[in-house]
Every structure is written in structure tokens, then in C-alpha cells.
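For reference, the chains in residue letters:
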Amino acid sequence: MLIHKKLGGDLEAYRSSSVTNTFLIGDANKGLLNETAFLELKPWYFQSWQQAEKHGAAVWHYLWSFAENIPSIKSSSDLGLSAKTGDTRVKALMNGSKGLTHDLGAYTKKPCG
Amino acid sequence: MSNYTGSRVIIAGHSLGNQMAIVVAKKLKDGISAGDTNSKLKPKRIALLDPYYSNGTKSYISNQWTGAKARGYVDT
């Protein structure tokens, strides 16, 4: 059951803050996120209380990543998720059972490089 | 964009906008299937950027949660 058949495009999700997954604030919607190629971002160049800033970080991280190398995955030859990741790889991530976490460079604003 | 001739459409939505991105993608797909939307507009990618769904049912979507509504558009 390929999810992209319903919408016509492959689905990717990038989470950068706790705004969206703290039940007091919003619905984490894990059911939907499990159907995406998912990447947890760590914008740790913002402090823990700067959730609004972290929330916004997903936008320019994604847009900036069009110009950066696709991140690699530790101890794997597979590529990670970014705006530049190929469609075949995104489909594989969508249909997988795990999400990814962008660990390296957590204290650096510029993604990859 | 009815005259769009490009090869790649990406729809990205941030926060609440992710819900709009999903709806737009669905409407494009439905329109293409119905034959009244340029097929070149079919998105290759739908990017949800720190997507947000509020808690609770909403009367304007038949008392569903927005997250459930979005899942309904995505699930086959």
C-alpha cells in the first residue's frame, strides 16, 4: 500500500520543535508521520525555551538543503533525508519502519555542507 | 499555473500550512484524475515542515480532529 498513490506525491516530514508533539499544545499525529519519510531535526543552536525559533527552523533548513549535500547515515551506505534526496530513496524511507534523526551539526545553523 | 510545463512540483507547508499542503496535493490529484487539471502539476514531493495539528474535534470538519482529517487524505 503505497501512500503516495493517494496524494500523488511522496510525503516527507521534518520536525524541529516540541510545539507539534507535546500533547498539551497539539496533536502529535504519529499515525500520519509514520507514513512519511521522517526526519527529526535538532536545532540546538537555539535554547530549549526557544520553541518558536526551533519551529521556524524547519523551513529554512529544508530550503537550504536544496543547495547542500544529502546527509549520510551513520554506519550505512544509505543516504538520509533532505530536499535533495532522490525520489526512490524518499519512497523507501516512506515505506520503512523508522525515522531519521539529524544528529551532526546540531549546534550549527547551516545544514550539511 | 494551468500552462505549467515543468517537470517537478514540490509542495511544502510549515506548521498549520502543512494541512494546506496536503489539501492542495489532494485537490490537484483529484483534478488531474477528473481531467480538468494540468497533469504537470502533480506534485513529486509534499514536504511537511514541523507540521502542526491542534487538539480536539472541529465542527467545520464534521467534528473530526484535524490530524485525523489529514490522515484521511493521506491513507489509501
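Everything numeric here is computed off the predicted structure, so don't read it as measured data.

## So, the interface of chain B and chain A
Contacts between the two partners involve 32 residues from chain B and, on the opposite side, 41 residues from chain A. Here chain B and chain A share an interface that buries about 3,000 Å² over both sides, 55% of which is from carbon and sulfur atoms. At the junction of chain B and chain A, the tally comes to three salt bridges. With a closest N to O distance of 3.4 Å, Arg45(B) and Glu12(A) form a salt bridge. Across the contact surface, chain B and chain A share 19 residue pairs in polar contact (both at pLDDT 80 or more). Those elements that provide at least two residues to the side of chain B that touches chain A are β1 (10-14), α1 (17-34), β2 (45-49) and α2 (66-74) of chain B.

## As for the packing of aromatic side chains
All names here are of chain A. Scanning the entire structure with this criterion turns up six aromatic pairs over all chains. Ring centres of Tyr62 and Phe66 lie 5.3 Å apart, and the angle between their planes is 75°; this geometry places the pair in the edge-to-face category. Looking at Tyr62, the relative accessible area reads 1%, which means it is buried. Taken together, the ring pairs in this structure connect Tyr45, Phe46, Trp60 and Trp64 into an aromatic cluster.

## Digging into α2(B)
Within α2(B) the residues assigned to the buried category are Thr66(B), Gly67(B), Ala70(B) and Val74(B). The arc that holds every buried residue of α2(B), seen down its axis, measures 100°, which confines them to one face.

## Quick word on the side chain of Asn29(A)
Relative to the assigned elements, Asn29(A) resides in the loop between β1 (10-15) and α2 (30-33). Exposure remark for Asn29(A): the relative accessible area of 2% places this residue in the buried category. The contact partners of Asn29(A), leaving out residues within four places of it in the chain, are Tyr53(B), Gly67(B), Ala70(B) and Arg71(B).

## Topic: α1(B)
Taking 1.5 Å of rise per residue, the 18 residues of α1(B) would be expected to cover 26 Å, and the 25 Å separating its terminal C-alpha atoms lies within 8% of that figure. Positive phi shows up at Gly35(B), right after α1(B), with a value of about 85°.

## What to know about the nonpolar core
Counting residues in each nonpolar core, the largest one holds 32 residues, and the members touching the most others are Leu32(A), Leu81(A), Ile22(B) and Leu48(B). Within the residue set of this core, elements represented by two or more residues are β1, α2, β2 (37-40), α3 (51-64) and α4 (87-94) of chain A together with α1, β2 and α2 of chain B. Those residues in contact with Ile22(B) that sit more than four places away from it in its chain are Leu7(A), Leu32(A), Leu48(B), Tyr53(B), Ala70(B), Tyr73(B) and Val74(B).

## Quick look at the pattern of salt bridges
Side chains that differ in charge, positive against negative, can pair when their charged atoms come close. Counting across every chain of the model gives seven salt bridges over all chains. Asp87(A) serves as the salt-bridge partner of Arg8(B), at 2.8 Å between the closest nitrogen and oxygen. In this pair, Arg8(B) is assigned in the segment before β1 and Asp87(A) in helix α4, connecting two distinct chains. Ionic contacts of the salt-bridge type, sharing partners, join the residues Glu12(A), Asp87(A), Arg8(B) and Arg45(B) into one network.

## Thoughts on the sheet that holds β2(B)
If you walk across this open sheet you meet the five strands as β3(A)-β2(A)-β1(A)-β2(B)-β1(B), and the pairing is parallel. In this open sheet, the two edge strands, each paired with only one partner strand, are β3 (100-101) of chain A together with β1 of chain B. In the sheet, β1(B) pairs with β2(B) via five bridges, with the strands oriented parallel. Across the sheet, Ile11(B) pairs through a bridge with Ile46(B), a residue of β2(B). Packed onto the sheet, α4(A) meets β1, β2 and β3 of chain A together with β2 of chain B and runs at close to 70° relative to β1(A). Its contacts with the sheet put α1(B) on β1 and β2 of chain B, and the angle it makes with β1(B) is roughly 150°.

## Notes on the confidence of the model for chain B
Caution applies to low-pLDDT parts of the model: their predicted coordinates are not meant to be read in detail. All names here are of chain B. Summary statistics for chain B give a mean pLDDT of 93 and a share of 99% for residues scoring 70 or more. Confidence, read as mean pLDDT per element, is least for α2 in chain B (92) and greatest for β1 (97). Model confidence for the complex: the whole-complex pTM is 0.91, and ipTM, which rates the interface, is 0.92.

Each value, and the rule that gives it
Residues numbered from 1 in each chain as written. Chains lettered and ligands numbered in written order. Predicted model: local features only at pLDDT ≥ 70, side-chain atom pairs only at ≥ 80, totals over all residues. Heavy atoms only, no water. Contact = heavy atoms within 4.5 Å. Buried area = accessible area lost by both parts, 1.4 Å probe. Salt bridge = Lys/Arg side-chain N within 4 Å of Asp/Glu carboxyl O. Polar contact = N/O pair within 3.5 Å; in protein donor to acceptor, adjacent residues only side chain to side chain. Helix = DSSP H or I, 4+ residues; strand = E, 2+ residues; numbered from the N terminus. Phe/Tyr/Trp six-rings, centres within 6.5 Å; stacked < 30°, edge-to-face > 60°. Buried < 20%, exposed > 50% of the residue type's maximum accessible area, 1.4 Å probe, protein only. Arc of directions from axis to C-beta. Expected span 1.5 Å × (residues − 1). Core = buried A, V, L, I, M, F, W, Y, C linked by side-chain atoms within 4.5 Å. Pairing = 2+ DSSP bridges. Axes fitted to C-alpha atoms, helices over the stretch in contact; angles between N-to-C directions. pLDDT = per-residue confidence, 0-100.

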